[in-house]
Amino acid sequence: MKKNTRTRKLISSATRNKKNTRSDKFQQQAVRRHPPPDPAAAINGVDMISQLPDDILTSIISRLSLTEAAATSILSTRWRRLWTHTTRLNFPHFEQQRGSSEKYMKYLHEIKFPNYVKFIDGVLDSYNNDGILKEFSIHMPCLEGANVEKWIEFALARKVEIIDISMVYFINATKIGSYSFPWPSNTSSLQGVKSLKELTLGAVDLDDRDIELLISNFIFLERLSILRSQKLRNVAIVGHLGLKLKHLEVSHSRNVESIEICDATSLVSLRCYRLPFTYILRLDNVPRFTEFDTSDQYRNTLADVLPRIPSSIHDQLLQLKLTTAPEFIRATEADYILPKLINLKRLELRVIMNIDTDTSKLFHLIEACPLLEKLEVKFLWSMFDTEFKRREPLECLDDRNPANNHLKEVTFSGYLGCPSELEFALYVLKRAAALEEFIVEPCDVSRRIRGKGISRVWDHFRPIFDEIEPLFVAQQDLHNLHYVAKSKISA
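Every value quoted in this text rests on a predicted model; they were computed, and no experiment measured them.

Chemist: Outline the overall build of the protein chain, supporting the account with residue identities and numerical values.
Modeler: Counting secondary structure elements, the protein chain contains 12 helices and 20 strands. Taking all 491 residues of the protein chain together, 43% fall into the buried category. Total accessible area on the protein chain is roughly 26,900 Å²; 52% of this is exposed by carbon and sulfur atoms.

Shown next as structure tokens:
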């Protein structure tokens, strides 16, 4: 009996020791996975981030959206006023619902919009930063009750660097509203004329004199974007030799008749998008001008615009962005002469497509760029039919077309797989004698369309690259076709 009792005690003791050993082992593993907090990381239970200097915390908060920055005020008394020192006042866009009823529109006009204006005024009244304001942007409908002049003067007084004031549509409005901003006659008296670097005005109606006033006084302005301005007629930037303007955009302004730029020695890029097909572009003495972004119109295509510019200037172009439809490229017509862009390195095409589009008209544009190194083509579909009729390849795919010994990177996006897309891609592949990288991204407007597109991308191009597999390597990409030349990988 005593022997049995002693045996049970020994077994029980061994079991406890085994359990304690296992428990100690688990505790050691847990410590390794989750080490205890370092006493230096917290003092008296106060998080260390709140001990950082105000300028560092303000820098952190300035990287948040304005709504997120304001939300930090509830963290503690230490944070209550920090957000009012943010260097970026980018107000959230005025939100609306689609399919709005008359009752809802009344709510927008009488309640929501006035509250939005009060919100902006309240933020500006609470703002405590006496330093430089880097960004100031407001996107809102054009309605009475908003003191836009006061808001811009507030920003300029704090030596703002970037201003973006854009008036937006009301969802069920028949036309967009606009806002005429009365710039003061003596703009030089305003603070901030030397600090403002970028200015975007959307649906803010500036006339020709307003543009002259802006350019004359804000001589340190580097980027100016004018969108949807209905009062503009003849934009003239002439004789401002000290002007720092590098980037100019005039877009969606339906009454523009001409744009004349002369002696803008710092100008690098120009965007003239969705302007009347009758507008005239004049450029002279713009030695740094290398980037042009435009859109073809029915009676004012690229071939109409370029010949009006001195050949010495369009010979400067290194980058061209063009929104077009193949029917605009009338290269076979007697009145269409597309000048050679002898130094163009990069071409970005946004091609408006349908299933009957003949992309062979675009071949002449590619041939006009003998030194092209990078080609990006985005197909823009207005209808999405995933079934196409097969037809014979065009004669222009023969070997009589000249090869391009400089084209290294080619990207097609929005690829749906219609015959005209394939013909354009095959034409480019056949001419790109020095190709290093080839990417095709399928059209992704819906899951079904994307599935069809992925299938067609691989059916169309994989057999081609399988034949030249020793020269190219397929990259791991679940949805896009991506091949890179081995010579580029080893370089």
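Chemist: Describe the pattern of salt bridges, naming the residues involved and giving the relevant values.
Modeler: The tally for this structure, following the rule as stated, stands at nine salt bridges. For glutamate 348, the salt bridge identified is with arginine 346, shortest N-O distance 3.0 Å. According to the relative accessible area criterion, arginine 346 is partly exposed, its value standing at 27%. A salt bridge links glutamate 409 to lysine 374, with the shortest nitrogen-to-oxygen separation between them at 3.8 Å.

Chemist: Describe the pairing of strand 17 (residues 409-415), and please don't skip the residues or the numbers.
Modeler: In terms of burial, strand 17 is largely enclosed, as six of its seven residues are buried. Here strand 17 runs beside strand 18 (residues 437-442); their pairing, made up of six bridges, is parallel. The residue of strand 18 that forms the bridge with phenylalanine 412 is valine 440. Of the crossover connections in this fold, the one passing from strand 17 over helix 10 (residues 419-431) to the parallel strand 18 is right-handed.

Chemist: Which residues make up the environment of leucine 227, and what are the values?
Modeler: Here leucine 227 lies in strand 7 (residues 223-227). Among residues more than four places away in sequence, those in contact with leucine 227 are Thr200, Leu201, Gly202, Ala203, Val204, Glu249, Ser251 and Ser253.

Chemist: Describe the nonpolar core, naming the residues involved and giving the relevant values.
Modeler: In terms of nonpolar packing, the biggest core is built from 122 residues, with Phe136 and Phe424 touching the most fellow members. At nine residues, the largest contribution of residues to this core is made by helix 4 (residues 102-126). Residues within four places of phenylalanine 136 in sequence aside, it is in contact with Leu89, Asn90, Phe91, Leu124, Trp151, Phe154, Ala155, Val160, Ile162, Ile163, Asp164 and Ile165.

Chemist: Residues and numbers for the environment of leucine 52, please.
Modeler: Inspection of the secondary structure puts leucine 52 in the loop between strand 2 (46-47) and helix 2 (54-61). What makes leucine 52 partly exposed here is its relative accessible area of 30%. Each residue touching leucine 52, except ones within four places of it in the same chain, is listed here: Leu57 and Arg78.

Chemist: Break down the environment of leucine 124 for me, citing the residues and quoting the values.
Modeler: Checked against the element boundaries, leucine 124 lands in helix 4. A sequence separation of 31 residues divides leucine 124 from alanine 155, and the C-alpha atoms of the two residues are 9.4 Å apart.

Chemist: Give a detailed account of the pairing of strand 10 (residues 258-262), specifying residues and quantitative values.
Modeler: Most of strand 10 sits out of view: four of its five residues are buried. As judged from the five bridges shared by strand 8 (residues 234-238) and strand 10, these two strands associate in the parallel manner. When the sheet's bridge partners are listed, alanine 236 is paired in strand 10 with glutamate 260. Alignment of strand 10 against strand 12 (residues 280-284), held across five bridges, turns out to be parallel. Pairing of serine 258 across the sheet is with isoleucine 280, part of strand 12.

Chemist: Run through helix 2, naming residues and quoting values.
Modeler: Those residues of helix 2 that fall on the buried side of the exposure criterion are Leu57, Thr58 and Ile61. Down the axis of helix 2, the buried set is contained in an arc of 100°. They therefore lie on one face. Looking at the buried residues of helix 2, the elements they touch are helix 3 (66-71).

Reading the values: rules and limits
Counting starts from 1 at the beginning of each chain's written sequence and moves along it residue by residue. It should be noted that, the model being predicted, local features are given only for residues of pLDDT at least 70 and side-chain atom pairs only at 80 or more, the latter also being counted only at that level, while totals for whole chains, interfaces and linings use all residues. Excluded from the side-chain calculations are hydrogens and water; all other atoms, namely the structure's heavy atoms, are used. Only DSSP runs of H or I covering at least 4 residues are called helices, and only runs of E covering at least 2 are called strands; the numbering of each starts at the N terminus. Note on classification: 1.4 Å probe, protein chains only; a residue is buried when its accessible area is under 20% of the maximum for its type, exposed when over 50%, partly exposed between these limits. Only the protein chains shown count as covering a residue, and every accessible area follows the Shrake-Rupley method with a 1.4 Å probe. Just to be clear on terms, a salt bridge is a Lys or Arg side-chain nitrogen sitting within 4 Å of an Asp or Glu carboxyl oxygen. A pair of strands is considered paired only if DSSP assigns at least 2 bridges between the two. Handedness of a crossover: with both strands directed away from the viewer, a clockwise path from the first strand across the helix to the second marks it as right-handed. Throughout, a contact is declared for two residues whenever any of their heavy atoms are within 4.5 Å. The criterion is simple. A nonpolar core is a set of buried Ala, Val, Leu, Ile, Met, Phe, Trp, Tyr and Cys residues joined through side-chain atoms within 4.5 Å. Comment: arc refers to directions from the helix axis out to C-beta atoms.

It is worth stressing that arrangement in space is one thing and function is another; only the former is reported here.
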